[in-house]
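Residues per chain are reported as follows:
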Amino acid sequence: MSAVAQDHVATDETVASTEVEETEVGTSEQPADSASIEMLSLTVKLPHEPFSIKIMVSAHETFNDIRQSILDLPSTIQYTCFSLWFNGAKLNDFLELHSVEGIHDGATLELRQEAYNDREARAHVLKVRDIIGLVSTKNDFIVGLSAGLSALSTIEESAQGYKHKTSENPHPMSDFELEAGPVLHELLPPADPSRPACIKSLGLSHWHPPPPNLRLRGHLLYLQVLTLEGAVHHITADISGYYTSNSSNQKFDPSPRKGAGKAFHAHSLLVLLQELSPLLKEELVAWQTALGKRDPLTVYSPTNTLLASPWLARPAPPPTADISRSQEQLLLGGSDNLDTVRDWNEDLQSTREMPRSNIQERILRERLLNKLYYDFAEAAAKGAVLIARDEVPALNPNEARDAQIFLYNGIFFSFGADGIGTFAKEGGDPAARSAVGKDLAGVRFVNQLDFEGICPLCTVIIDYCGRRIVAQSPVPGIFRQREDGSNQIVYGGVDSRDVIANDKSFEPIFEKVAESLHLKRHTVWDKDGKGCELATSVETKGLEGTDGRKYILDLYRITPLDIEFLEEFGDAEVAYPHKMTVLRPEAVEEWWKEKVRAWIAEESEKLKAEGKEAKIVYKADKPPVEDESVEKEATEPAPETEKTDGPPTETIEISGFKYALNPDVFAGQAPVTEEDKAAYADDEAEVRNVSKYITETLIPSLLADLRAGTVSIPLDSAQLTKLLHKRGINMRYLGKLVAAVSESAADRLGSFKAVLVQEIIVRASKHVINAILKPLPITIIPFAVVQVFNSILGTKLNANPTVEIDAHLVSLYADGHEFGFVNLSAGEIQRRIAEEAQKRFRYALSDGWVDKIRVVQMFRELAIKLGLQWRLKNYLFEKPFEDTVPGDKTEEIKQTNGTSSPKTNGKSSGKHKKQNGQKHDALSIPPPAPTTTFSVDDLLNIIPVIKDSAMKSQLAEEAIEAGRISIMQGQKDLGVELLLESLSLHEQVYGIIHPEVSRAYSQLSMIYSGLEDRPAAADFARKAVVIAERTIGLDSSETVLMYLNLALCEHSNGNSYIALAYMRYAFSIWRIITGDGHPDSVTTMNNAAVMLQSLQEYHDSRKWFEASLVLCESIFGEHSINAATVYFQLAQALVLTQDSLGAVKKMRDAYTIFLNALGPEDKNTKESEVWLEQLTQSAVQHARQAKVVQNRKARKLGIVAGATNAAVGGTRPVGAAATAATATSSSGKKGASEILPSSINTKSIEELVKFIGGNN
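Residues numbered from 1 in each chain as written. Predicted model: local features only at pLDDT ≥ 70, side-chain atom pairs only at ≥ 80, totals over all residues. Heavy atoms only, no water.

S.K.: Would you mind showing me how to read the overall build of the chain here?
M.R.: Regarding its fold elements, the chain presents 39 helices and 27 strands. In the chain, buried positions account for 50% of the 1256 residues. The contacts of the chain with a sequence gap of at least 6 include a subset with a gap of at least 24, amounting to 70%. Within the structure as shown, the chain displays about 57300 Å² of accessible surface, and the carbon and sulfur contribution to it stands at 51%. (Helix = DSSP H or I, 4+ residues; strand = E, 2+ residues; numbered from the N terminus. Buried < 20%, exposed > 50% of the residue type's maximum accessible area, 1.4 Å probe, protein only. Contact = heavy atoms within 4.5 Å. Areas by Shrake-Rupley, 256 points an atom, 1.4 Å probe, with all protein chains shown as cover.)

S.K.: Teacher, can you tell me more about the pattern of salt bridges here?
M.R.: If the charged atoms of two oppositely charged side chains come close together, the side chains can form a pair. In this structure the tally under the stated criterion is 68 salt bridges. Its salt-bridge partner being Arg 342, residue Asp 347 comes within 3.1 Å of it at the nearest N-O pair. The class of Asp 347 is partly exposed, set by a relative accessible area of 24%. Where Lys 1103 meets Asp 1100, a salt bridge forms, and the shortest distance between an N and an O atom there is 3.8 Å. On the criterion of helical spacing, the pair formed by Lys 1103 and Asp 1100 is a turn pair, its members being three residues apart in helix α32 (residues 1098-1116). Here the salt bridges share partners, and the residues they tie into one network are Arg 352, Arg 356, Arg 365, Asp 450 and Glu 452. (Salt bridge = Lys/Arg side-chain N within 4 Å of Asp/Glu carboxyl O.)

S.K.: What am I meant to see in the sheet that holds strand β13 (residues 405-408) here?
M.R.: Each strand in a sheet pairs with another by means of backbone hydrogen bonds, the pair being arranged parallel or else antiparallel. One open sheet accounts for five strands, arranged β13-β14-β16-β15-β27; its pairing is antiparallel. Two strands in the sheet have a free side with no partner beyond their single neighbour: β13 and β27 (945-948). In this sheet, neighbouring strand axes are inclined to one another by 25° on average, regardless of whether the strands run parallel or antiparallel. Pairing analysis gives four bridges linking strand β14 (residues 411-415) to strand β16 (residues 467-472), with the strands arranged antiparallel. Note on β16: the bridge partner recorded for Phe 413 is Ala 471. (Pairing = 2+ DSSP bridges. Axes fitted to C-alpha atoms, helices over the stretch in contact; angles between N-to-C directions.)

S.K.: How do you make sense of helix α29 (residues 1037-1052) when you look at a structure like this?
M.R.: Every α-helix carries 3.6 residues per turn, so stepping three or four residues along brings you back to the same face. Under the 1.5 Å per step criterion, the end-to-end length of α29 is 23 Å for 16 residues, consistent within 8% with the ideal 22 Å. Every buried residue of α29 is listed here: Ser 1037, Thr 1039, Val 1040, Met 1042, Tyr 1043, Leu 1044, Asn 1045, Leu 1046, Ala 1047, Cys 1049 and Glu 1050. Looking at the packing, one finds that the buried side of α29 touches α3 (152-163), α16 (717-726), α27 (995-1010), α28 (1014-1031), α30 (1056-1074) and α31 (1080-1094). Count one or two residues on from α29 and you reach Gly 1054, which has phi positive near 90°. (Expected span 1.5 Å × (residues − 1).)

S.K.: Which parts of the structure should I look at to understand the sheet that holds strand β25 (residues 868-871)?
M.R.: Ordered in space as β12-β25-β26, the three strands form an open sheet in which the pairing is mixed. Both outer strands of the open sheet, β12 (312-313) and β26 (939-942), are each paired with one neighbouring strand and no more. For β25 and β26, the ladder comprises three bridges, and the chain directions are antiparallel. Each bridged residue has a counterpart across the sheet, and for Leu 868 the counterpart in β26 is Ile 942. Across the sheet, helix α19 (residues 781-793) is in contact with β25 and β26; its angle to β25 comes to roughly 75°. Contacts from helix α22 (residues 855-866) reach β12, β25 and β26, with the element oriented near 130° to β25.

S.K.: I keep staring at the pairing of β16 and nothing clicks. Help me out?
M.R.: Each regular strand shows side chains that alternate between the opposite faces of the sheet. In terms of burial, β16 is largely enclosed, as five of its six residues are buried. Sheet analysis places strand β15 (residues 459-464) next to β16, joined by six bridges and oriented antiparallel. Bridged to Tyr 464 within β16 is Arg 467. Between the antiparallel neighbours β15 and β16 lie two residues, among them Cys 465 with a positive phi of about 55°.

S.K.: Please explain the nonpolar core as it appears in this structure.
M.R.: The nonpolar side chains of a soluble globular protein tend to be buried, and buried together. Judged by nonpolar contacts, the single largest core of 222 residues is most densely connected at Phe 789, Leu 793, Phe 821, Phe 859 and Trp 870. Here this core gets 14 residues from one element, more than from any other, and that element is α30. Setting aside anything within four residues of it in sequence, one finds Phe 821 in contact with Ile 772, Leu 776, Ile 780, Phe 783, Ala 784, Gln 787, Val 803 and Ile 805. (Core = buried A, V, L, I, M, F, W, Y, C linked by side-chain atoms within 4.5 Å.)

S.K.: Whenever I open this one, the packing of aromatic side chains confuses me. Can you help?
M.R.: Any two aromatic rings considered together are summarised by their centre-to-centre distance and by the angle between their planes. Across all of its chains, the model carries 35 aromatic pairs by this definition. Note on Trp 344 and Phe 376: the rings are 5.5 Å apart at their centroids and 80° apart in plane angle, and the pair reads as edge-to-face. Here the residue Trp 344 occupies a position in helix α8 (residues 344-352), and Phe 376 occupies one in helix α9 (residues 359-388), the gap between them amounting to 32 residues. When its relative accessible area of 3% is taken as the criterion, Trp 344 is described as buried. Residue Phe 376 is classed as buried on the basis of its relative accessible area of 1%. (Phe/Tyr/Trp six-rings, centres within 6.5 Å; stacked < 30°, edge-to-face > 60°.)

S.K.: Mind showing me how you'd approach unusual backbone geometry here?
M.R.: Glycine aside, the phi torsion of most residues is negative, and most peptide linkages are trans. Cis geometry marks the peptide bond from Glu 49 to Pro 50; its omega dihedral reads 5°. Within the secondary structure layout, Pro 50 lies in the loop between β2 (39-45) and β3 (52-58). The omega torsion across His 208 and Pro 209 is 5°, close enough to zero to call that bond cis. Tracing the sequence through the fold places Pro 209 in the loop between β7 (201-204) and α4 (212-216). At Gln 1096, a position not held by glycine, the phi torsion is positive, near 65°. Relative to the helices and strands, Gln 1096 is located in the loop between α31 and α32.

S.K.: Where do I start with the side chain of Glu 507 in this structure?
M.R.: Along the chain, the position of Glu 507 falls in helix α11 (residues 507-517). Accessibility expressed as a relative area gives 11% for Glu 507, which makes it buried. A polar contact of 3.5 Å, which involves the side chain of Glu 507, links it to the side chain of Arg 521. When residues no more than four places from it in sequence are discounted, the contact partners of Glu 507 are Tyr 491, Asn 502, Arg 521 and Glu 533. (Polar contact = N/O pair within 3.5 Å; in protein donor to acceptor, adjacent residues only side chain to side chain.)

S.K.: So what exactly am I meant to see when it comes to the environment of Glu 878 here?
M.R.: Here Glu 878 lies in the loop between β25 and α23 (907-913). In sequence terms Glu 878 and Thr 795 are 83 residues apart; their C-alpha atoms lie 7.6 Å from each other.

S.K.: In this structure, what is going on with the side chain of Asp 295? I would like to understand it.
M.R.: Mapped onto the elements, Asp 295 comes out in the loop between α6 (278-292) and β12. On the basis of relative accessible area, Asp 295 is assigned to the buried category, the value being 16%. For Asp 295, the side chain forms a polar contact with the side chain of Arg 1022, separated by 2.5 Å.

Written out as structure tokens, the structure is:
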């Protein structure tokens, strides 16, 4: 069901027929032939109330989609085991509607309840448990505390008080402290009241399972129910449904209970329970009513993604007594647990082989693929946690721990470590850990290419408690030798490259991958010096499975080595930890595009010399790449023009450009012949040029864009990583980036440097912490985490923190475990981090670096990277004031980065003074301050950090890009239609609650803002925020930017109160993410000031402009264009607060900067000049009027005006100041008398107020 038309279904009491809009935006969806897809309105007849519902569906949807809609509707949630019928015939769930003869708009389907089987009965019980509020433990291992929260509704509720003047403050920014730092408890919205369970217990009874003779008669499950009324009911589930039996806790009698006029049998367990327990029915109706008042997007459960878990959380509520909770796994998987075991590889490959000849086939295929990737990642994460907890036996228990492999739930697990010496020459464990990460990126790249005939594996990396665990779907036959004894690897290096295999049947598909990566066919040599040609790296392997499919493995070196970095630091005194320093595919792509442009220019010059005109075209069947800017530039159609008798044109095909790299140079290959050596040397030179391209072009280009403001300074680690990777820059270049920024000494880049240095420290700390945690038992890890965090973030409070471990725990792990972290001092941990920073990022941390870090931001980044969930509270990072008076609250003590709670207005202290001394002293004694910042009780949970290889929907991305292009070409209607179709495609492929859907909504919001459709833009922005909060994170940089966009959309719609509420929340989270001093904060503060002006809150608006100016001057300088812009805005704000002289001064400063920097003809200079003329004249006139009024008052008192002025010092200084203001400029460049024209259009202060405030 589309989230664009997500109004709640009306309750059963109000309507008998419920109409459900499948989608509003999908009605314009078009297949490949551009024919409109037919939308059908169907009626579904039901056996019970409301007896019928109406649904809107596409003719290309399957009946299974209709089933899913019925399962999700509030009025039909009791149905799980049913079939759909049409014209007396049962319908196949996987048929599309258009394939059934007679299905038309207005047709009627019939829902018929079917006989249960064991699996259907168990699924029905699980769904009923979920409906009635019994807490599930299905994802306890991988979904953290406080997951999937949204703060939007809370913000909107608070804004209503300001709008209706019921709040104590006039607007949301009234009590916002501009000088305060981040407040951690503002991260989470207020906790929702826990949902009361509609029943005390529902599960399998102690009489389950049915004996064989009763199973033959249709008995499936024996259940026991404890209702809110305290009654115990035994229920038998058979093929016809559910009924209350005559069994009790002491007697087994599964026969139906009989009662006068009472229904004790129903096809649905939910219906039966409502009959048995009136309180259940009452609670269920109340809960559904409450849900109906909430935004549906905050209620929907995701199907293809996990909910985001915040790094600060509230403790889990105490569990309710429910003995059946432990039976969930039995209900889910059956008695033998076979229901949850899948052949993941077969599922993946058969789904990849599905047809994709039209849009509907592509939608179905991409939907199933994304669902499969999610299911695999979820199952892999659960298995990895169990393996880390030593709860899964290894297949090779006699091997060392790092060499052990596991098979659990049909998934193959191994550790991301060099357990068998495969990477001994490349660096051992650090190389192996890096290699598995690069392998995952390679699998993701191949998945996105989506070529037919090639079979990548499901691959997921799970980082948990210092362990890196790799999960893959097993290749068929990987554990069995071939009958002829040959190796299953038939392409690439075998047995550590001793043998080179080259099966000709694998070459076509490997060449496709090589072409996408710009790799050339090249020769590699085995241990005997025999040469063999390969299309990809020798490390990339082709394996023929027993199912006949061609699999591609080991994609950790799909690009050449970054030889310049490796030679510079690989053998340095402090060497880089490993030699797996490969180039990013984005860097190779940028280099290739550079070569293409040069080649096109060269070919065009040749044609021009021949008197011909070049026409650039692109090969139509080129494989897709991530950045297709070259292709778009080449293939964008030129506007049609009339034919002329100009020079003849000749086509230049980019496909004719041949340039590729050898991925195996500098990787230990030894050419034999002189010809091979010469070719190899040429290949080395090309790879070296690409390696130099990073430092000589990519890094300077990025810094230039950041300096110019065309690229925003990243807010946090995630945004920084995304930016660098998109530009082809590896994270190992962080140190070089810091050096380049330091040399440039540019204004905006100062903030960028702070982000870079913090990222270096965070990543170095992560490696040190992982090394400490890896050998420890899970139960000891919280103590180690607390010790390290206190040593990094809490040294201002306690320079030598210690941690005590229960001696009993230590004794349990006496054999084979060391607890050396207990003896690690804070200085030693800091020294290790500094060494890691120097080794991995070539950056030397200064002495005392730990005292200079931004602790709140560092705290957040480390918690996210390690999967830690800490208790939500304001942590004490440094010692409080020594002169704190007894009456002060402990929450108000000074803390680093302002993490203390907001101060109260002081009324409580006044009340204390009225009380007697003894009572005052008793109430004023604060609790003892903690000795360390963190304690073991503060660490609430550790969740696995999951990295998957799921592909993005190419179809949805194509639609949104086509919509953009259409709008740019002036085809607005077509563009809007394509954009809405893209949104529908996103929801069909990913489900409604998914990060990609949130990003699609956000993109549409900005596009609609550009189209001046403000209400739609705000609606899309709101949906983007809710989904982002629940799936990306409450404090994700993406979520914050979406909040800011939503605020601007609401302000443009005239809803400034709610816009300011959004701005306040976004600014609070902004402080937690990045602190103060970010360049984009200037714009954010200016926007807040403008919104306050629209509410006629002129004094508060002035405060925000002044704060923005201070920040702007500190970042960009007092004489920068940015400062001039803020001067200009501040001058207008000063006019609105009746400070005409201050307005003249600020406007003169703005004019002077614009004049010196942009020249007299620039529009900014001219505009500020006009404003300066008007403000100067107005200020002079205002001063004269004030003097006249003063003189009149003086004459009435019989006092000479001159004597009054001499005694009081009233009007003359004001007039003098005004005269001086009109005569000179703050910069001394040009006086106001020189720029005033002969005739001035004088404006009064009131007129200026109307002009600036929009006639308010």
